[in-house]
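# Breakdown of the fold
Given next are the chains, with one letter for each unit.
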Amino acid sequence: MDGAHDMGGVSGFGPVRPEPDEPVFHAPWERRALAITLAMARPGGWNIDTSRFARENRPPADYLGMSYYQIWLAGLERLMQERNLVEADELAAGKALHPPKPVANILTAGDVAAMLHRGGPTERDVTKPALFAVGDRVRARTMHPPTHTRLPRYVRGHLGRIEAVRGVHVFPDSNAHGGGEDPQWLYTVSFNGAELWSDAPDPLLEVTVDAFEPYLEHA
Amino acid sequence: MKLQSRRVLATHNHQRNPPLDSAGGYAYFHAMTDHDHPHDHHHDHSELSETELRVRALESILTEKGYIDPAALDVLIETYESKVGPRNGAQVVARAWTDPAYRQRLLADATPAIGELGYAGRQGEHIVAVENTPALHNMVVCTLCSCYPWPVLGLPPVWYKSAPYRAKAVKDPRGVLADFGFELPAATKIRVWDSTAEIRYFVVPMRPEGTDGWSEDQLAALVTRDSMIGTGLPKRPDEVQNAGVKA
């Protein structure tokens, strides 16, 4: 989707402001928000692509008006409500009002280390040849799906070069919406700054994105 | 519980920023800095924001329904607050600086090479290490969300997730470096890696001069988090107290 989350090249946000000696969390609730989000993925059964779409798919003013972990919370509440794990009246009341929905599995303290160590690898077996090879000239497709995609707007329609072939990976555009993993070849594609931004301040700039095969065409 | 979030809200609206709650909503536009908001970090200790109350309620609902184990939350928090962080990545860099065979393995296939030091897992399933040279400087961003190599760097800082960085890094990385207070020679090419899929990029900065014969641990003390993102450089030997004293 063409949302507020897709920020590459957008003007007006002002300077980057590093924070010296930044703490990992800025409020106690941020700790719990992170942990609840990580823990709920197991009983909730959603995947990372579904989660990303739940976070980004909201009015730009809302997205930009929330802090990072507030967006996580908003996404989590949406995912839980969509699956009737929690109802809106419970969130409003701040307490459980309905019986729990049966869930297959929950994350226990003893499971955490193994769950984090395992992570969620996205590489899958190769079942078809790659369309592109290192050095190929490609064009990022001009596409504007209303659904989840990982092709940022600032490269769409632009000419690039295949920098690396990264194997076959779960395709977020499908996986985010219940369409299954539909694994696709993944490439690192490089773009010259002058190709992306006619007014790029740095003539030597090169930008790479990781693009799934359906995002690209021969150029 | 004191419910004073409204007062906090009213007190801390900042004229240049949209009206948001005391939980740091404007942090999405600007990483919070002590310079601008010297007290923001401390309010939640004494006064509960709306968000704090909302999260407490959520945790209690989910616990009551049997979906989460609060003890598991404690382990998750402990992991990312004190175990997984940029010290891990600094060890990887220091090893690469001192062991040419390790450097080769790291640059060829970073995930198993990083795994040799015991770092692996969530948000680091497919890591690629990119090396800075005098001719090439690498910088990592995620313009679409906040993708970051957790096993080697921990959770990302606020500025990395903020709109200014995500917007500016791919268009004006030299401007970003200026925001961090340094500049590179004009002849140095900058390559910005936008982490748009599940590959996680990790920068191996250049080893500072004047560190011949230093041990891995001494070198690791020079490796800053930002130098592994590409928005900073390693510390110079004279910036680390006593680090030059050989063990």
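In this text, all values refer to a predicted model and were calculated from it rather than measured experimentally.

### Some details on the overall build of chain A
Of regular secondary structure, chain A possesses 8 helices and 6 strands. Overall, chain A shows an N-to-C arrangement of helices and strands of α-α-α-α-α-α-β-β-β-α-β-α-β-β. Burial status across chain A gives 53% buried among its 219 residues. The contacts of chain A with a sequence gap of at least 6 include a subset with a gap of at least 24, amounting to 65%. When the accessible surface of chain A is split by element, carbon and sulfur atoms take 53% of a total near 9100 Å².

### Overview of the environment of Lys83(B)
Inspection of the secondary structure puts Lys83(B) in helix α4 (residues 70–83). When near neighbours in sequence (up to four residues on either side) are disregarded, Lys83(B) contacts Glu78(B) and Asn88(B).

### As for the pattern of salt bridges
Taken as a whole and judged by the stated rule, the model has 27 salt bridges over all chains. Notably, a salt bridge pairs Arg54(B) with Glu77(A), separated by 2.9 Å at the nearest N-O pair. Remark: Glu77(A) occurs in helix α4 (residues 68–82) and Arg54(B) occurs in helix α3 (residues 50–64); the pair is interchain, linking two chains. On the accessibility criterion, Arg54(B) (31% relative accessible area) is partly exposed. What makes Glu77(A) buried here is its relative accessible area of 12%. One connected set of salt bridges, linked through shared partners, spans Arg161(A), Glu163(A), Glu206(A), Lys189(B) and Arg191(B).

### Observations regarding helix α2 (residues 48–56) of chain A
Counted residue by residue, α2(A) has 8 buried out of 9 residues, so it is predominantly covered. Taken together, the buried positions of α2(A) are occupied by Asp49(A), Thr50(A), Ser51(A), Arg52(A), Phe53(A), Ala54(A), Arg55(A) and Glu56(A). Each element contacted by the buried residues of α2(A) is listed here: α1 (28–44), α3 (60–65), α4 and α7 (172–175) of chain A together with β4 (200–204) of chain B. Looking at where α2(A) begins, the residue whose side-chain oxygen comes 2.9 Å from the main-chain nitrogen of Asp49(A) is Asn47(A).

### As for the interface of chain B and chain A
Contact with chain B, which involves 91 residues of that partner, is made by 95 residues of chain A. Among the salt bridges present, the one from Lys189(B) reaches Glu206(A), with a minimum N-O distance of 2.6 Å. Contributing elements (two or more residues each) for the side of chain B that touches chain A: α3, α4, α9 (158–161), α10 (163–168), α11 (173–179), β3 (189–194) and β4 of chain B. The element best represented in the side of chain B that touches chain A is α4(B), accounting for 11 residues. Partitioned by chemical class, the residues of the side of chain B that touches chain A number 48 nonpolar, 17 polar and 26 charged. Bridging between strand β5 (residues 206–212) of chain A and β3(B) involves 4 bridges; their strand directions are parallel.

### So, the side chain of Thr211(B)
By secondary structure assignment, the location of Thr211(B) is in the loop between β4 and α12 (216–220). Apart from the residues lying within four places of it in its own chain, the contact partners of Thr211(B) are Leu219(B), Leu222(B) and Pro237(B).

### Some thoughts on the packing of aromatic side chains
Aromatic ring pairs are described here by two measures, namely the spacing of the ring centres and the angle between the planes. Under the counting rule described, the total for this entry stands at 16 aromatic pairs over all chains. Between Tyr68(A) and Tyr69(A), the aromatic rings sit 5.2 Å apart at their centres with planes inclined by 75 degrees, giving edge-to-face as the arrangement. Across the pair, exposure class does not vary: Tyr68(A) and Tyr69(A) are buried alike. The cationic tip of Arg55(A) hangs over the ring face of Trp72(A); the distance from NZ or CZ to the ring centre is 4.3 Å. Residue placement shows Arg95(B) over the ring face of Tyr102(B); its charged tip is 5.7 Å from the ring centre.

### Regarding the pairing of strand β4 (residues 184–192) of chain A
All names here are of chain A. For β4, the buried fraction is high: 8 of the 9 residues fall into the buried class. Note that strand β3 (residues 159–169) and β4 share 6 bridges and pair antiparallel. Residue pairing in the sheet places Arg161 in a bridge with Ser190 of β4. The pairing of β4 with β5 spans 7 bridges and is antiparallel. Across the sheet, Tyr187 pairs through a bridge with Ala211, a residue of β5.

### With respect to the nonpolar core
Core analysis: the biggest nonpolar cluster contains 118 residues, and Met40(A), Leu106(B), Tyr165(B) and Phe202(B) have the highest contact counts within it. Among the elements that make up this core, the one with the highest residue count is α1(A) (8 residues).

### So, the state of the cysteines
All names here are of chain B. This structure, assessed with the given rule, holds 0 disulfides over all chains. Cys145 provides the cysteine sulfur closest to Cys142, a residue in no disulfide bond, and the two sulfurs are 3.6 Å apart. Unpaired in this structure, Cys147 has its nearest cysteine sulfur neighbour in Cys145, at a distance of 3.6 Å. What makes Cys147 buried here is its relative accessible area of 3%.

### Structural notes on the pairing of β3(B)
All names here are of chain B. The element β3 is extensively covered by neighbouring structure, given that 5 of its 6 residues are classed as buried. Across 6 bridges, the pairing between strand β2 (residues 136–141) and β3 is parallel. Across the sheet, the residue bridging to Val140 is Trp193, located in β3.

The rules we used
- Residues numbered from 1 in each chain as written.
- Chains lettered and ligands numbered in written order.
- Predicted model: local features only at pLDDT ≥ 70, side-chain atom pairs only at ≥ 80, totals over all residues.
- Heavy atoms only, no water.
- Helix = DSSP H or I, 4+ residues; strand = E, 2+ residues; numbered from the N terminus.
- Buried < 20%, exposed > 50% of the residue type's maximum accessible area, 1.4 Å probe, protein only.
- Contact = heavy atoms within 4.5 Å.
- Areas by Shrake-Rupley, 256 points an atom, 1.4 Å probe, with all protein chains shown as cover.
- Salt bridge = Lys/Arg side-chain N within 4 Å of Asp/Glu carboxyl O.
- Polar contact = N/O pair within 3.5 Å; in protein donor to acceptor, adjacent residues only side chain to side chain.
- Nonpolar A, V, L, I, M, F, W, Y, C, P; charged D, E, K, R; others polar.
- Pairing = 2+ DSSP bridges.
- Phe/Tyr/Trp six-rings, centres within 6.5 Å; stacked < 30°, edge-to-face > 60°.
- Lys NZ or Arg CZ within 6 Å of the ring centre and 35° of its normal.
- Core = buried A, V, L, I, M, F, W, Y, C linked by side-chain atoms within 4.5 Å.
- Disulfide = S-S within 2.5 Å.

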